[in-house]
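Notes for the structure review
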Amino acid sequence: MATSTPLRPPEQPAHPPVRGTSATGTRPGRMPSERRRPGRRGPVFGLFGARRSGFRLGHDDRNVLLLYVLTRVGVWTTAYCARWLFAEDRRAREAGTALSSWGQWDWWHYLHIAQEGYFPGGAGPGTQGWDNREAFFPGFPLVLRAVHVVIPDWSVAGLLISFVSGAVAVLALARLARLHVRDADSPLGQRAVLFFLLSPCAVFLAAGYTESLFLALALPAWLAARRGNWALAGILACLATGVRVSGLFLAAAIAAHFIAAADLREQWRSITWIALPALPAAVYTWYLHAHTGDWMAWSHAQERGWYRDFHTPWEAWQNTWKAAFTHTQSTGYAVMFQAELVTMVVGLVLLGVLLRRRKWPEAVYTALSLWALGTSYWYTSVPRATLLWWPMWVMLAAWSLRRPWVRSAYLCVVAPLSTVLALTFLTGRWAG
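The rules behind the values
Residues numbered from 1 in each chain as written. Predicted model: local features only at pLDDT ≥ 70, side-chain atom pairs only at ≥ 80, totals over all residues. Heavy atoms only, no water. Salt bridge = Lys/Arg side-chain N within 4 Å of Asp/Glu carboxyl O. Core = buried A, V, L, I, M, F, W, Y, C linked by side-chain atoms within 4.5 Å. Buried < 20%, exposed > 50% of the residue type's maximum accessible area, 1.4 Å probe, protein only. Contact = heavy atoms within 4.5 Å. Phe/Tyr/Trp six-rings, centres within 6.5 Å; stacked < 30°, edge-to-face > 60°. Helix = DSSP H or I, 4+ residues; strand = E, 2+ residues; numbered from the N terminus. 1 Å grid on protein atoms, 1.4 Å probe; cavity = no way out; pocket = protein on both sides within 12 Å on 5 of 7 lines; lining within 4 Å. Points joined across faces, edges and corners; volume = space filled by probe spheres on them. Axes fitted to C-alpha atoms, helices over the stretch in contact; angles between N-to-C directions. Left-handed = near helix turned anticlockwise from the far one by under 90°. Nonpolar A, V, L, I, M, F, W, Y, C, P; charged D, E, K, R; others polar. Polar contact = N/O pair within 3.5 Å; in protein donor to acceptor, adjacent residues only side chain to side chain. pLDDT = per-residue confidence, 0-100. Expected span 1.5 Å × (residues − 1). Patch = residues over 30% accessible without salt bridge, like charges linked within 9 Å, V, L, I, M, F, W, Y side chains within 5 Å. Areas by Shrake-Rupley, 256 points an atom, 1.4 Å probe, with all protein chains shown as cover.

**A look at the pattern of salt bridges**
On inspection of all chains with the given rule, the structure shows 9 salt bridges. Linked by salt bridges that have partners in common, D60, D61, R175 and R178 make up one network.

Dropping the structure here:
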């Protein structure tokens, strides 16, 4: 990843005043201080740009959506082939159902929560066979249950949520990338989306998992924050927190951006919106305590189910290294632990680049994510977390525009790896 000076928008040439305005850019009779401030923008204005027609999809947006649909076709084709080529019974003469490849791992937790709630029939921690479902935030199961009212099939409902959410996420990612340049013809947005959609763990964007829904809320929240619309940023970040605990990391990044970019004397009322994302986590903690008597029920479920009790970063690295290279795990798990180590190094490099470029809010988000992932007994799901590191995709795309070989190297190395990891997930052999 490049560590050179980040791309900066070129200086704007001086333009003559627009007809009907003064040299200061205001209309006759309006003082300069009366111009609209970024922090007072309406929700649509602040998120999508300078006009309320921002909901219209431009040429670049349409290309991004086309790229998204094409990659979805590729993922669905892979899923179709997986159920024929990797059947559990090699002597079977009929493949599994079209949706059988998607019912894997965490999906069952979300499904059971949506169908039964968190504590069905009074069951809970300590009950024999308890699945520690309280480790999962309620946002996705609530949306799944709502969509199920219209879509009777639970699996189809989950896939539809991820499909629609993913489209919103890639549009927001492309627009975030385009904030770094003023050239309307720059391919930076499309390039960032391409790298994102071909990333090793991109299969989780298509599955009935939380990544797509979280990003569909988090990326527009960050886009709104960049445009000074603190109310919309706080609301979207609040919803994102209801989906994943990573929403709290996003809220911290938005708070850092608010402190750095806003005039606190004029926009102190917006602090309420900045604090709003803490509400879902507080309500969920209270709910779990009401049913379990444990204020730390969420954390304890993580510990019981996934060994996510606190360890120092060096202990976590050492334990992961042993699992990866000392032949104490099966080969499948060992290679996944190796991937965890590599991804942690990538995350640390990303954090270093952000700090060097003084991108403090993005560094806050990345640092909190790495701390949460790197202080368990061993690393778990770090590769999946790369999907949520949007600064990495933007900077990688910018680097590839300066160094064309980066794009070729990425496509030659990462794209085949993405296919392999997609097959391991779709066949139920995913160890992460």
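**Some thoughts on the nonpolar core**
Residues W102, F196, L250, I254, Y365 and W389 are the most contacted members of the largest nonpolar core, which totals 114 residues. In this view, Y365 contacts F214, S246, F249, L250, A253, L388, W389 and W390; residues no more than four positions away in its chain are not counted.

**Some words on the packing of aromatic side chains**
Overall, the coordinates contain 31 aromatic pairs when judged by the stated rule. Measuring from ring centre to ring centre gives 5.8 Å for F137 and W298, while their planes differ by 80°; the resulting arrangement is edge-to-face. Of this pair, F137 sits in the loop between α3 (106–116) and α4 (139–148) while W298 sits in helix α14 (residues 297–306), placing them 161 residues apart in sequence. Given a relative accessible area of 8%, F137 falls into the buried group.

**Some thoughts on empty space enclosed by the protein**
The full count for this structure, using the stated rule, is 4 cavities of 30 Å³ or more. Within this model, the largest cavity holds a volume of roughly 100 Å³. In this structure, the largest cavity is lined by L176, H180, W222, R226, L354, K359, E362, W390, P391, V394 and M395. Sorting the residues of the lining of the largest cavity by element identifies α8 (211–226) and α19 (390–402) as the ones contributing at least two each.

**Points about the packing of α4 against helix α5 (residues 154–178)**
Pairs of packed helices are described in terms of their axes, by the angle between the two and the distance that separates them. Contact geometry for α4 and α5: axes closest at 9 Å, N-to-C directions at 120°. Note on packing geometry: the crossing formed by α4 with α5 is right-handed. Judged by residue contacts, F140, V143, L144, R145, V147 and H148 of α4 engage W154, A157, G158, L160 and I161 from α5. Tallied by class, the residues present in the contact of α4 with α5 amount to 8 nonpolar, 2 polar and 1 charged.

**Overview of unusual backbone geometry**
Positive phi values are uncommon outside glycine, yet N132 reaches one of about 60°. Within the fold, N132 resides in the loop between α3 and α4. Look at R358: it is not a glycine, yet its phi comes out positive at around 60°. Within the secondary structure, R358 sits in the loop between α16 (331–356) and α17 (360–373). Judged by its relative accessible area of 63%, R358 falls in the exposed class.

**Describing the environment of L411**
Among the secondary structure elements, L411 is positioned in helix α20 (residues 404–426). A relative accessible area of 26% means that L411 is categorised as partly exposed. For the pair L411 and S199, spaced 212 residues apart in the sequence, the C-alpha separation amounts to 9.5 Å. Each residue touching L411, except ones within four places of it in the same chain, is listed here: L198 and P416.

**Let's talk about the side chain of T427**
The topology assignment puts T427 in the segment after α20. Owing to a relative accessible area of 19%, T427 belongs among the buried residues under this scheme. Side-chain polar atoms of T427 contact the backbone oxygen of L423, separated by 2.6 Å. Of note is the side chain of T427, whose polar atom sits 3.5 Å from the backbone oxygen of T424. Other than its neighbours up to four places away in sequence, T427 contacts A82, F86 and Q104.

**Quick word on the side chain of S400**
By the secondary structure assignment, S400 is in helix α19. The residues touching S400, leaving out its near neighbours within four places in the chain, are R191, F195, V406 and R407.

**Observations concerning the confidence of the model for the protein**
Averaged over all residues, the pLDDT of the protein equals 85, while 85% of them reach at least 70. In the model, residues 1–46 has pLDDT below 50 throughout and makes 61 contacts with residues more than four positions away in sequence or in other chains.

**Let's talk about α8**
With 16 residues, α8 should cover 22 Å at 1.5 Å per step; its first-to-last C-alpha distance of 22 Å lies within 8% of that length. Taking burial as the measure, the 16 residues of α8 include 15 buried ones, the bulk of the element. Looking one or two residues past α8, G228 carries a phi angle of roughly 80°, positive in sign.

**A look at α5**
Compared with the 36 Å implied by 1.5 Å per residue over 25 residues, the 37 Å span of α5 between its first and last C-alpha is a close match. Across the 25 residues that make up α5, a large majority, 18, are buried. You can read the cap of α5 off the contacts: a side-chain oxygen lies 2.9 Å from the backbone nitrogen of S155, and it is on D153.

**Focus on the environment of Y209**
For Y209, the location among the structural elements is in the loop between α7 (203–206) and α8. Residue Y209 is classed as buried on the basis of its relative accessible area, which comes to 1%. Considering only alpha carbons, one finds Y209 and W108, 101 residues apart in sequence, at a separation of 10.0 Å. Residues in contact with Y209, not counting those within four places in the same chain, are Q104, W105, D106, W107, Y110, F140, S162, F204, R384 and F425. Within polar-contact distance, the side chain of Y209 engages the backbone nitrogen of D106 at 3.0 Å.

**So, a nonpolar patch on the surface**
On the surface, W317, W321, F325, V345 and V349 cluster together into a nonpolar patch covering about 440 Å² of accessible area. Taken together, the elements giving at least two residues each to the nonpolar patch come down to α15 (313–325) and α16. Here the element with the most residues in the nonpolar patch is α15; it accounts for 3 residues. Within the fold, W321 resides in helix α15. Since its relative accessible area comes to 43%, W321 is described here as partly exposed.

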